[in-house]
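Take a look at the letters that make up each chain.
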Amino acid sequence: VRVHLRHRHRHRYRHRPAKVVVSGTLLGDDGRSISNATIYVFGHQRQHCPFPTVPCLELGRGETDTRGAFSFESATMSDTNHQVCVIAPGFGARFLEIDPDEGAVKLGSIRLAKQQDVRGKIIDPEGKPAKDVLIEVRSFMMPGYKLNWFGSTNPGKVLRPIVAKTRADGSFEINGIPK
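We now turn to the structure provided with this report. (Residues numbered from 1 in each chain as written. Predicted model: local features only at pLDDT ≥ 70, side-chain atom pairs only at ≥ 80, totals over all residues. Heavy atoms only, no water.)

### Side note on the overall build of the protein
Rules: We count a stretch as a helix when DSSP gives it H or I for four or more residues in a row; a strand needs E for two or more, and each element gets its number in order from the N terminus. Areas reported as accessible are Shrake-Rupley estimates using a 1.4 Å probe. Residue values count occlusion only from the protein chains shown.
Scanning the protein from terminus to terminus reveals 0 helices and 13 strands. In the protein, the succession of helices and strands from N to C terminus is β-β-β-β-β-β-β-β-β-β-β-β-β. Accessible surface, the protein: about 11,300 Å² in total, of which carbon and sulfur atoms supply 49%.

### Some remarks on the environment of A88
Put simply, the test is: What makes two residues a contact is simply this: any of their non-hydrogen atoms within 4.5 Å.
Mapping A88 onto the fold places it in the loop between β5 (80-87) and β6 (94-98). Sequence separation between A88 and S35 is 53 residues, and the spatial gap between their C-alpha atoms is 7.9 Å. When residues no more than four places from it in sequence are discounted, the contact partners of A88 are L26, I34, A37 and L112.

### Comments concerning the pattern of salt bridges
Filter applied, for reference: Any Lys or Arg side-chain nitrogen found within 4 Å of a carboxyl oxygen on Asp or Glu counts as a salt bridge. For every residue, the accessible area (1.4 Å probe, protein chains only) is compared with the maximum for its type, and the residue is labelled buried under 20%, exposed over 50%, or partly exposed between those bounds.
Enumeration over the complete set of coordinates arrives at 4 salt bridges. Across the pair R67 and D65 runs a salt bridge, and its minimum N-O distance is 3.6 Å. Taking the relative accessible area as the measure of exposure, D65 reaches 29% and is therefore partly exposed. A salt bridge links E173 to R119; the nearest nitrogen and oxygen atoms lie 3.3 Å apart. With E173 in strand β13 (residues 171-177) and R119 in strand β8 (residues 116-121), this pair connects stretches of sequence that are 54 residues apart.

### Details of the sheet that holds strand β7 (residues 104-112)
The condition that has to hold: Any two strands between which DSSP finds at least two bridges are classified as paired. Between N-to-C directions, angles span 0 to 180 degrees; the directions come from axes that are lines fitted to C-alpha atoms, helices contributing only their stretch in contact.
Spatially, the 3 strands line up as an open sheet ordered β4-β1-β7, and their pairing is mixed. Each having just a single partner strand, β4 (69-75) and β7 make up the two edges of the open sheet. Neighbour to neighbour, the strand axes of the sheet diverge by 25° on average, direction disregarded. Relative to β7, strand β1 (residues 19-28) runs parallel, the two being bridged by 7 bridges. Across the sheet, the residue bridging to L26 is I110, located in β7.

### Description of the packing of aromatic side chains
Which entries qualify depends on this criterion: Pairs were defined over the aromatic rings of Phe, Tyr and Trp, the Trp ring being its six-membered one, requiring ring centres within 6.5 Å. Orientation was assigned from the angle between planes: stacked under 30 degrees, edge-to-face over 60, tilted for the rest.
This structure, assessed with the given rule, holds 2 aromatic pairs. Aromatic side chains F70 and F72 sit 6.4 Å apart centroid to centroid with 40° between the ring planes, which places their arrangement in the tilted category. Assessed through its relative accessible area of 9%, F72 is described here as buried.

### Topic: the environment of S71
The residue S71 is located in strand β4 in this model. Expressed as a C-alpha distance, the spacing of S71 and R61, which sit 10 residues apart in the sequence, is 9.7 Å. Among residues more than four places away in sequence, those in contact with S71 are V21, V22 and S23.

### Considering the environment of V22
Note on placement: V22 falls in strand β1. Residue V22 is classed as buried on the basis of its relative accessible area of 0%. Residues V22 and Y40, 18 residues apart in the sequence, show an inter-C-alpha distance of 9.8 Å. Setting aside anything within four residues of it in sequence, one finds V22 in contact with V41, F70, S71, F72, S74, V105 and L107.

Following this line, the structure appears as structure tokens:
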């Protein structure tokens, strides 16, 4: 018996190693090492994924040491694109695509530019300062119009630490924004 299956799109389920080691060194524009930075690994579902999950899921997280070096183990997902996001105080976030199929991802030296601050003031419908309003950066539209989204399976929870709360006068400042 022969069975012919016709599919509009051919998909191949990719088996990846369950874990991958991500390593590298973080430097500023001046070449100095950056300590106290957080590196995230996210999985992004592909457009025609036959096994839908969530649009974006945090798979691993690591931190830089005093020399700016990092090495940590991250989970992987089949049929997803993987992306690294680097967050460091005083610097703009950086995004890198990675391929976890090799079992180890060596990123080498990553350079970060100084952060761009976003400042503003929120007022309520009556024109008074809005105090204690939470502002969350949930996505970036980067050059090339690629959307970098950092959501969560829990509504209202953001995995990225770019948040601000308005002060008594309604003013706020958001740090860590890339150019």
